[in-house]
Amino acid sequence: MENKRTCLYDKHVALGALMQPFGGFDMPIQYTSIIEEHNAVRHHCGVFDVSHMGEVVVTGKDAERYVNHIFTNDIKDAPIHKIYYGMMLYPDGGTVDDLLVYKMADQNFFIVINAANIDKDVAWMKENAEGFDVTIDHRSDYYGQLAVQGPESEGVMEEVLGLPCKELVFYTSKTIDVDGESVIISRTGYTGEDGFEIYGSHDFIRKQWDKLLASKRCVPCGLGCRDTLRFEVGLPLYGDELSKDISPVMAGLSMFCKLDKEEFIGKDAIVQQKENGVAQRLRGIELEGHAVPRHGYPVLKDGKVVGTVTTGYRLISVDKSCAVALVDSSLKLGDKVDVQIRKKTFPGTIVKKKFYDKHYHK
């Protein structure tokens, strides 16, 4: 099956971006270099085309009750414009997807899902809507999305795009009218830096992209540095650190599962995992030397395989070789392990999964 293309595909090709398949789309991996783009976001400002992400709008009399039923976080009586991160789970505690839920109005929720999971997620939402008076409106084909990220992002949003946003606090959103079109802006991102995400029609998104690039104040960034940025600050990627086989408890994300709310799909499994423990957990590993661990490489303790790397990089902001791996729960911080890279093993230490501090807007 042919990959889909975002509304900015032709602009990436014109810029000479390295294009590769990701989540069923042809996406830009890099324009100049991953290191250059990564550093632009850490120190200045970068823009990402994230139009491959999915958007679903849930409205109706039971919208709040329904979203709370399929979502691990608690949105009951949430303030309007607040955004919540959490997961949808299978009954056994495995992860359907991790997602953002925006409360747009009473009984109106805007849900952002991962590109590779769009069809599966929408089917899951519809399957589990029985008995709820809700309308589930799949809007992924309408919305394009940009992520403007980095310490200079607020100035770029206000001065280059003319999109007022400085009053937004982290994980809040607003809707503004631009040329008769309703545009959503949120203070969110996936880089560990201050930043904004913009949702609008394809035409609107193309115009904003052109303005940003013409300004020279914002560097175009590909999915290569999106991955290095999110990895350094310990943010999970679905398919690596979360999956149908990796629950939020195993991933160290159980703070996003609110066990004091009445119920949600998968709650019983999460309660049991918290009470009885899990066989494997995600842990950080810092390697000695310069060897680079990659997804799927074995982790050994005293010569015995105890886990597998989910993501690994030579980190750009801290110049260390690090990995996150799904390993036996018995391993604790400070334990010595080895990572097998091709035919050799390289020594490492179990550390926290966050290798670089986040710099979100306070």
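Residues numbered from 1 in each chain as written. Predicted model: local features only at pLDDT ≥ 70, side-chain atom pairs only at ≥ 80, totals over all residues. Heavy atoms only, no water.

Observations concerning the pattern of salt bridges
Here comes step 1: Summed over all chains, the structure comprises 20 salt bridges.
Here comes step 2: The partner of Lys166 in a salt bridge is Glu158, with the nearest N and O atoms 3.5 Å apart.
Here comes step 3: Glu158 gets classed as partly exposed once you look at its relative accessible area, which sits at 23%.
Here comes step 4: The salt bridge involving Arg230 is made with Glu241; its shortest N-O contact spans 2.9 Å. Of the two residues, Arg230 is situated in helix H7 (residues 223–232) and Glu241 in the loop between H7 and helix H8 (267–276); the sequence distance between them amounts to eleven residues.
Here comes step 5: Within this structure, Arg42, Glu193 and Glu232 form a network of salt bridges that share partners. (Salt bridge = Lys/Arg side-chain N within 4 Å of Asp/Glu carboxyl O. Buried < 20%, exposed > 50% of the residue type's maximum accessible area, 1.4 Å probe, protein only. Helix = DSSP H or I, 4+ residues; strand = E, 2+ residues; numbered from the N terminus.)

Focus on helix H6 (residues 202–215)
Here comes step 1: The end-to-end C-alpha distance of H6, which contains 14 residues, comes to 20 Å, matching closely the 20 Å that a straight helix rising 1.5 Å per residue would cover.
Here comes step 2: Residues Phe204, Ile205, Gln208, Trp209, Leu212 and Leu213 constitute the buried set of H6. For H6, the buried positions fall inside an angular range of 160° around the axis, keeping them on one side.
Here comes step 3: Of the residues flanking the end of H6, it is Lys216, one or two places downstream, whose phi is positive at about 65°. (Expected span 1.5 Å × (residues − 1). Arc of directions from axis to C-beta.)

Notes on the sheet that holds strand E4 (residues 46–49)
Here comes step 1: As summarised here, the arrangement of the six strands in space is E11-E12-E13-E10-E4-E14, forming an open sheet in which the pairing is mixed. For this open sheet the edge positions go to strand E11 (173–178) and strand E14 (219–221), each flanked by a neighbour on one side alone. Adjacent strand axes in the sheet meet at a mean angle of 25° when their direction is disregarded.
Here comes step 2: Looking at chain direction, E4 and strand E10 (residues 143–149) are connected through four bridges and run antiparallel. Counted as the bridge partner of Gly46 is Gln149 from E10. (Pairing = 2+ DSSP bridges. Axes fitted to C-alpha atoms, helices over the stretch in contact; angles between N-to-C directions.)

Observations regarding the packing of helix H2 (residues 34–43) against H7
Here comes step 1: Packing of H2 against H7 leaves a shortest axis separation of 8 Å and a crossing angle of 55°. Considered as vectors, H2 and H7 are oriented oblique to each other. Relative to H7, the crossing made by H2 is right-handed. Listed contacts from H7 to Ile34, Glu37, His38, Val41 and Arg42 of H2 are Gly224, Cys225, Thr228, Leu229 and Glu232.
Here comes step 2: Looking at the contact of H2 with H7 residue by residue, the class counts come to four nonpolar, three polar and three charged. (Parallel < 35°, antiparallel > 145°, perpendicular 65-115°, else oblique. Left-handed = near helix turned anticlockwise from the far one by under 90°. Contact = heavy atoms within 4.5 Å. Nonpolar A, V, L, I, M, F, W, Y, C, P; charged D, E, K, R; others polar.)

Section: the side chain of Lys11
Here comes step 1: Residue placement: Lys11 occurs in helix H1 (residues 9–14).
Here comes step 2: A polar contact of 3.0 Å, which involves the side chain of Lys11, links it to the side chain of Asp210.
Here comes step 3: Those residues in contact with Lys11 that lie beyond four places of it in its chain are Arg206, Trp209 and Asp210. (Polar contact = N/O pair within 3.5 Å; in protein donor to acceptor, adjacent residues only side chain to side chain.)

With respect to the packing of aromatic side chains
Here comes step 1: Evaluation of the coordinates by the stated rule reveals 14 aromatic pairs.
Here comes step 2: Between Tyr143 and Tyr199, the aromatic rings sit 6.4 Å apart at their centres with planes inclined by 90°, giving edge-to-face as the arrangement. Here Tyr143, found in strand E10, pairs with Tyr199, found in strand E13 (residues 195–201); they are 56 residues apart in sequence, far enough to count as distant. For the pair formed by Tyr143 and Tyr199, the shared burial category is buried.
Here comes step 3: Among the aromatic side chains, those forming a connected cluster through ring pairs are Tyr102, Phe110, Tyr142, Tyr143 and Tyr199.
Here comes step 4: Taking NZ or CZ as reference, Lys82 lies 5.3 Å from the ring centre of Tyr84, over its face.
Here comes step 5: Of note, Arg139 hangs over the ring of Tyr142, and the distance from its end group to the ring centre comes to 4.7 Å. (Phe/Tyr/Trp six-rings, centres within 6.5 Å; stacked < 30°, edge-to-face > 60°. Lys NZ or Arg CZ within 6 Å of the ring centre and 35° of its normal.)

Quick word on H7
Here comes step 1: The buried fraction of H7 amounts to ten of the ten residues, a majority that puts the element mostly inside the structure.
Here comes step 2: Of the residues flanking the end of H7, it is Gly234, one or two places downstream, whose phi is positive at about 80°.

Observations regarding the pairing of strand E2 (residues 18–22)
Here comes step 1: Pairing geometry for E2 and strand E3 (residues 25–30), over five bridges, is antiparallel. The partner of Phe22 across the bridge, within E3, is Phe25.
Here comes step 2: Counting the residues that bridge the hairpin from E2 to E3 gives two residues, and of these Gly23 lies at a positive phi of roughly 60°.

Let's talk about the sheet that holds strand E19 (residues 336–341)
Here comes step 1: Read around the barrel, six strands follow the order E15-E18-E17-E16-E19-E20 and close on themselves; strand pairing throughout is antiparallel. Neighbour to neighbour, the strand axes of the sheet diverge by 45° on average, direction disregarded.
Here comes step 2: Pairing of E19 with strand E20 (residues 344–351) involves six bridges; the strand directions are antiparallel. Across the sheet, Val339 pairs through a bridge with Phe346, a residue of E20.
Here comes step 3: On the sheet, H7 packs against strand E17 (304–314) and strand E18 (321–328) and is oriented at approximately 120° with respect to E17.

What about the state of the cysteines?
The term disulfide refers to a covalent linkage connecting the sulfur atoms of a pair of cysteines.
Here comes step 1: Tallied over the entire structure, the rule returns zero disulfides.
Here comes step 2: Cys218 carries a free sulfur, and the closest cysteine sulfur to it, the one in Cys45, is 3.4 Å from it. (Disulfide = S-S within 2.5 Å.)

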